[in-house]
Amino acid sequence: MELRPYQRDAVEAVYAHLRERDDNPCVVLPTAAGKTPVMATVCRDAVQLWNGRVLILAHVKELLEQSVEKLLAIAPDLPVGVFSAGLRRKELNYAVTVAGIQSIWRRAGELGPVDLVIVDEAHLIPAEDDSMYRSFLADAKVVNPNLRVIGLTATPYRLKSGEICAPGNVLNHVCNVIAVKELIVQGWLSPLRTKAGSNRPDYAPLHLRAGEFVPGEVEDLMDDDGLVQAACDEIV
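So, a few notes on the structure that sits alongside this text. (Residues numbered from 1 in each chain as written. Predicted model: local features only at pLDDT ≥ 70, side-chain atom pairs only at ≥ 80, totals over all residues. Heavy atoms only, no water.)

On a plain count of helices and strands, the chain comes out with nine helices and twelve strands. Overall, the C-alpha framework of the chain stretches about 65 × 40 × 40 Å when taken along its three principal axes. For the chain, with 236 residues in total, the buried portion stands at 45%. Summing over all exposed atoms, the chain offers an accessible surface of approximately 13400 Å²; the carbon and sulfur share of this is 52%. Side chains of the chain give 24 positive and 32 negative charges; the mean places of these two sets differ by 5 Å. (Helix = DSSP H or I, 4+ residues; strand = E, 2+ residues; numbered from the N terminus. Buried < 20%, exposed > 50% of the residue type's maximum accessible area, 1.4 Å probe, protein only. Areas by Shrake-Rupley, 256 points an atom, 1.4 Å probe, with all protein chains shown as cover. Lys, Arg positive; Asp, Glu negative; His and termini not counted. Charge placed at Lys NZ, Arg CZ, Asp CG, Glu CD.)

Structure representation (structure tokens):
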């Protein structure tokens, strides 16, 4: 599998960060830009070029399966294990381990020393110090004090606490970002086209609050079986 130019840029930005800084980088790639090939390339290089061990963390089994698929497509000879209760696999003695955080967060000692932890959907790392992610990473750093963490996400912020990259957080600096518009212009994503449906609701009953429509009234107005069915028919 050959990386797209912006994916290669993301990989090189991660390596530059790890060489030049002592903290943890984050790569921002929009949905459908292909984060998994970037992760797979970093894993392959870490194992085959630098004789390292890598752990990929995600929160749902579908992401774990996708990571394994792309890893084997990019590096078929890469030793990859899976540790996930949902997938009924508990494999730890591999150069690359793909794991669900819910399954492995108390197993850092059993996993042994790893050099890189790659977190998919990194915006889901909670801000709280007692979260599963932070607890696991603290234990893993006891096993290997030189551990580095790489995050990948399409949304480098949390609605409640703001930017995920900060000096006191797990991730500290966005090392690479590309926007949806750039990918559309370059031809990697389809252009967005929007249109109004032919069946229009009656907006007259809606009221304004602080200059905006009242959300509950809008929800009730749009949640009409006939309106939804008409929109679906138009899409089809």
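Still more to cover.
Here the focus is the pattern of salt bridges. Counted under the stated rule, the structure contains seven salt bridges. Where E91 meets R89, a salt bridge forms, and the shortest distance between an N and an O atom there is 3.1 Å. Among the residues examined, R89 registers a relative accessible area of 33% and is labelled partly exposed. For the salt bridge of K195 with E234, the shortest nitrogen-to-oxygen distance reads 3.2 Å. (Salt bridge = Lys/Arg side-chain N within 4 Å of Asp/Glu carboxyl O.)

In this structure, V38 sits in helix α2 (residues 35–48). For V38 and D9, which are 29 residues apart along the polypeptide, the C-alpha to C-alpha distance reads 9.5 Å. In this structure V38 touches Q7, A10, V11, L29 and L152, once residues within four positions along its chain are discounted. (Contact = heavy atoms within 4.5 Å.)

Another point: a negative patch on the surface. A contiguous patch of negative charge, built from E219, D220, D223, D224 and D225, is present on the exposed surface. Relative to the helices and strands, E219 is located in helix α8 (residues 215–222). Of the residues examined, E219 reaches a relative accessible area of 56% and is grouped as exposed. (Patch = residues over 30% accessible without salt bridge, like charges linked within 9 Å, V, L, I, M, F, W, Y side chains within 5 Å.)

Taken in spatial order, the eight strands of this open sheet run β4-β3-β5-β2-β6-β7-β1-β10, and their pairing is mixed. Edge positions in the open sheet fall to β4 (89–90) and β10 (173–177), since each of these has one partner strand only. Inspection of the sheet shows strand β3 (residues 80–84) paired to strand β5 (residues 96–100) by four bridges, in the parallel sense. In the sheet register, G81 faces β5, and the bridge partner there is T97. In the packing of helix α3 (residues 61–74) onto the sheet, the strands contacted are β2 (54–58), β3, β5 and β6 (116–120), and the crossing angle to β5 comes to about 165°. Lying on the sheet, helix α6 (residues 132–143) is in contact with β2, β6 and β7 (148–153); it crosses β2 at an angle near 170°. (Pairing = 2+ DSSP bridges. Axes fitted to C-alpha atoms, helices over the stretch in contact; angles between N-to-C directions.)

Here the focus is unusual backbone geometry. Most peptide bonds take the trans form, and the phi angle of most residues other than glycine is negative. One non-glycine residue with positive phi stands out, namely A32, at about 80°. For A32, the position within the fold is in the loop between β1 (25–28) and α2. Relative accessible area serves as the criterion here: at 58%, A32 is assigned to the exposed category.

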